[in-house]
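Residue strings, one per chain:
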Amino acid sequence: MDAAPTTLADSLLDDLDDLSDVEQPENEQDPNEVQEGGQDADEGAVMREDDMDDMDDETTKQRRAFESLRGHEEAAEKEGAAPCKPRRKRYLDDAGLGSLLSTVRSWQTNTITGTGSGEASADAVSQRERRDYDEQEYQLIVASNRYLAGLSNELARAHAELCSAYRPKFPELEELVVDPLLYKEAVRIIANQMDMTQVNDELNQILNSNQIITISVSGSTTSGRLLTEQELQHVYEAADYIDEIVDVQKELMDFVEGRMELLAPSVCALTGASIAARILGLAGGLAELSKIPACNLQVLGQIKHSAASRAGMSAISTKPHTGILSECDLVKKCPGYLQKKALKQVAAKLALAARCDFVNVDTGRERSASSGQKFRAEIESKFQKWEEPDKARVLKALPNLFDSCDTYTYD
């Protein structure tokens, strides 16, 4: 049988007992030494007895305080309340991220009013001011990409915290719904409901019918229990924190997407501004993106599915080994049987386009989209050849054997 979990009060009481056991032999006196010491030894013994009385009084107070603390912990355990764990520092509370958000918001306000968009006449804005403005905007884009990568990691940690908080209620749900945002919405809809049929209509708005059936069956046989008010409040706080992360992500993504042509014009010309912004956000910047090989660019940003997340259905409808790049218009406009092959071609050209943009930025050359446009034209022409029907075989007549042979005449 396993030992009961040791609380803080129990461990401190054990330490006090060990301390008393160690100090007791030191305070004991040898009778022969007492007789030889005479009156001085008697006086010293009296003083040590007084010290022991004082220590006993102090120890008694500490014991009472620790027993009171242990009584509160035992009462909390009987009530079923989860022990309070120290919360980690939130990524959204980072001072650098807050400063970046305020700068981005002021920058967007200036762009809307026209004071910082660079659309003024050439007479009013000098070339030096224009270069300074472009450099500041470039630094903002780089910082935004770096924080976007951090926000992606923070979203994964927040999703794990939400799964841990909701696991006592429905432990199977995290395997059935692997997408963090869909899982968060499903948790809010189900909440503390034990009968899944009561929330089928609301789940139908975010999940497909196969997932809903699987969730209903799993919910009827789950080993979970009802959450307490404190646990349910913790679940709602974790879900709200995911919403805050998504809002900050969207704000930074919109800022980067609107200025992608300045940072990576070739990548933007190849994949589009929206896809390019998402890829750079996941990679952490243009320098980091240029170091990723083409085989890894294909799966950048993928969501791994399992048999449970597919609701026990076939994996034919899913797209394994595909990430954000599969949403590019070049890949989407290809037939289904060619999309996997097209994805490899786009990923290979994307790796080259990212390196071209990074070299231009690193060496101070003029940023141009010519490389991306050239790669895109090559890919489109190659895709057209793939879709062309096979040429029909040309029927050729067999050669006349008599023409190649000597003729003999017989008399």
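What counts, and at which threshold
- Residues numbered from 1 in each chain as written.
- Predicted model: local features only at pLDDT ≥ 70, side-chain atom pairs only at ≥ 80, totals over all residues.
- Heavy atoms only, no water.
- Helix = DSSP H or I, 4+ residues; strand = E, 2+ residues; numbered from the N terminus.
- Buried < 20%, exposed > 50% of the residue type's maximum accessible area, 1.4 Å probe, protein only.
- Contact = heavy atoms within 4.5 Å.
- Areas by Shrake-Rupley, 256 points an atom, 1.4 Å probe, with all protein chains shown as cover.
- Core = buried A, V, L, I, M, F, W, Y, C linked by side-chain atoms within 4.5 Å.
- Axes fitted to C-alpha atoms, helices over the stretch in contact; angles between N-to-C directions.
- Left-handed = near helix turned anticlockwise from the far one by under 90°.
- Nonpolar A, V, L, I, M, F, W, Y, C, P; charged D, E, K, R; others polar.

Digging into the overall build of the chain
Reasoning step 1: If you tally the helices and strands in the chain, you get 19 helices and 0 strands.
Reasoning step 2: Across the 411 residues in the chain, those meeting the buried criterion constitute 33%.
Reasoning step 3: Partitioning the contacts of the chain with sequence separation of at least 6, the portion at a separation of at least 24 is 72%.
Reasoning step 4: In the structure as shown, the chain presents an accessible area of about 26100 Å², 51% of it carried by carbon and sulfur atoms.

Digging into the environment of His321
Reasoning step 1: Tracing the chain through its elements places His321 in the loop between α15 (294-297) and α16 (329-332).
Reasoning step 2: According to the relative accessible area criterion, His321 is exposed, its value standing at 54%.
Reasoning step 3: Residues His321 and Lys340 lie 19 residues apart in sequence; the distance between their C-alpha atoms is 9.1 Å.
Reasoning step 4: Those residues in contact with His321 that sit more than four places away from it in its chain are Gln298, Val299, Gln302 and Leu343.

A word on the nonpolar core
Reasoning step 1: Grouped together as the largest cluster of nonpolar side chains are 83 residues, with contacts concentrated most on Tyr166, Leu173, Ile190, Leu203, Ile215 and Leu252.
Reasoning step 2: Of all the elements, helix α5 (residues 127-166) adds the most residues to this core, at 14 residues.
Reasoning step 3: Among residues more than four places away in sequence, those in contact with Ile215 are Phe170, Leu173, Leu176, Val177, Ile190, Met196, Leu203 and Leu207.

So, the packing of helix α7 (residues 180-190) against helix α10 (residues 229-257)
Packed helix pairs are characterised by how far apart their axes lie and by the angle those axes make with each other.
Reasoning step 1: At a minimum axis distance of 10 Å, the contact between α7 and α10 shows a crossing angle of 145°. Two packed elements cross with a definite hand, and for α7 against α10 that hand is left-handed. When α7 is examined against α10, the residues Leu181, Lys184, Val187 and Arg188 are found in contact with a partner set consisting of Val235, Ala239, Asp240, Ile242, Asp243 and Val246.
Reasoning step 2: Each residue belonging to the contact of α7 with α10 can be placed in one class, and the counts come to 6 nonpolar, no polar and 4 charged.

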